[in-house]
Amino acid sequence: VYEDSFDLFRIQNGKIQEHWDGARKDPGSPAFIPSTAPPPSTWNTAKPSTAEQQNLAIATRFEKDVVEYGHIDDIEELLSSSFIEHNPVMPVDREDLKQFIHSLPDHQLQDIEPEWKNAPVLEFANGPFVVMMWEKRYKDPSDPTREYTRNHFAILRIEDGRIQEIWN
């Protein structure tokens, strides 16, 4: 089975402090040991520039308003007509992406609320790139009475006010 994967590292003073990935837990793998570090959303990071704040707003509109609340018509405004989707299992054009999102359970058109349904635990911008990470709970394949955390990522490259590339 093909599985795409991400690895994200937090580096401080030249050393890896934390590592996240989106891999699924295999049956028989060791027990998950959660981090004791403060949650990513509490890290003190530099204030984003005006352009980075605009990119965060565009990424939020896409991930929250389009994906979570089903406002798929906003895709025309948010995605470049030549955007590149780097996930090989996702649709590669705007119309197919609209249909895909609309077909997801709980992603049909709804009134947009100010808050996320599932807020990212980490989001930041660096130049044209926006990184978002969500923690999701899954049943442990070795022990269905237990759960483990799996990370989901979205990295978006935004230029000229539109999403040019997506990795998720």
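Let us look at the structure shown here. (Residues numbered from 1 in each chain as written. Predicted model: local features only at pLDDT ≥ 70, side-chain atom pairs only at ≥ 80, totals over all residues. Heavy atoms only, no water.)

With 3 bridges joining them, strand β3 (residues 79-85) and strand β7 (residues 162-167) adopt parallel strand pairing. In the strand pairing of β7, I84 is matched with E165. Here 5 bridges tie strand β6 (residues 147-159) to β7, and the two strands are oriented antiparallel to one another. Looking at β7, one finds that R157 is bridged to E165. Counting the residues in the hairpin turn of β6 and β7 gives 2 residues, including D160, whose phi is positive at 55 degrees. (Pairing = 2+ DSSP bridges. Helix = DSSP H or I, 4+ residues; strand = E, 2+ residues; numbered from the N terminus.)

Taken in spatial order, the 5 strands of this open sheet run β3-β7-β6-β5-β4, and their pairing is mixed. A single partner strand is all that each edge strand has here, and the edge strands are β3 and β4 (122-126). Direction aside, the axes of adjacent strands within the sheet are offset by 20 degrees on average. Strands β3 and β7 of the sheet are contacted by helix α3 (residues 94-103), whose axis makes an angle of about 70 degrees with β3. (Axes fitted to C-alpha atoms, helices over the stretch in contact; angles between N-to-C directions. Contact = heavy atoms within 4.5 Å.)

Together, F9, I11 and I16 make up an exposed nonpolar region whose accessible area comes to about 320 Å². Note that I16 resides in strand β2 (residues 15-21). (Patch = residues over 30% accessible without salt bridge, like charges linked within 9 Å, V, L, I, M, F, W, Y side chains within 5 Å. Areas by Shrake-Rupley, 256 points an atom, 1.4 Å probe, with all protein chains shown as cover. Salt bridge = Lys/Arg side-chain N within 4 Å of Asp/Glu carboxyl O.)

For H107, the location among the structural elements is in the loop between α3 and β4. Residue H107 is classed as buried on the basis of its relative accessible area of 18%. At a separation of 2.4 Å, a polar atom in the side chain of H107 contacts the main-chain carbonyl oxygen of V67. The contacts of H107, once residues within four sequence positions are left out, are V67, E68, Y69, G70 and I101. (Buried < 20%, exposed > 50% of the residue type's maximum accessible area, 1.4 Å probe, protein only. Polar contact = N/O pair within 3.5 Å; in protein donor to acceptor, adjacent residues only side chain to side chain.)

Moving on to α3. Of the positions making up α3, those classed as buried are R94, L97, K98 and I101. Projection of α3 onto a plane perpendicular to its axis shows the buried side chains occupying an angular sector of 105 degrees, all on one side. Exposed residues on α3 whose side chains face more than 90 degrees from its buried face are Q99 and S103. Turning to α3, the residues buried within the fold contact α1 (50-68), α2 (75-78), β3 and β7. (Arc of directions from axis to C-beta.)

Moving on, we come to the packing of aromatic side chains. What the rule picks out here adds up to 3 aromatic pairs. Considering the side-chain rings of F129 and W167, the 6.3 Å spacing of their centres and the 45 degrees angle between planes classify their relative orientation as tilted. Here W167 lies in strand β7 and F129 lies in strand β5 (residues 129-139), a separation of 38 residues in the sequence. Judged by relative accessible area, which is 24%, W167 ranks as partly exposed. Taking NZ or CZ as reference, K117 lies 5.0 Å from the ring centre of Y69, over its face. We note R150 situated over the ring of Y138; from NZ or CZ to the ring centre the distance is 5.6 Å. (Phe/Tyr/Trp six-rings, centres within 6.5 Å; stacked < 30°, edge-to-face > 60°. Lys NZ or Arg CZ within 6 Å of the ring centre and 35° of its normal.)

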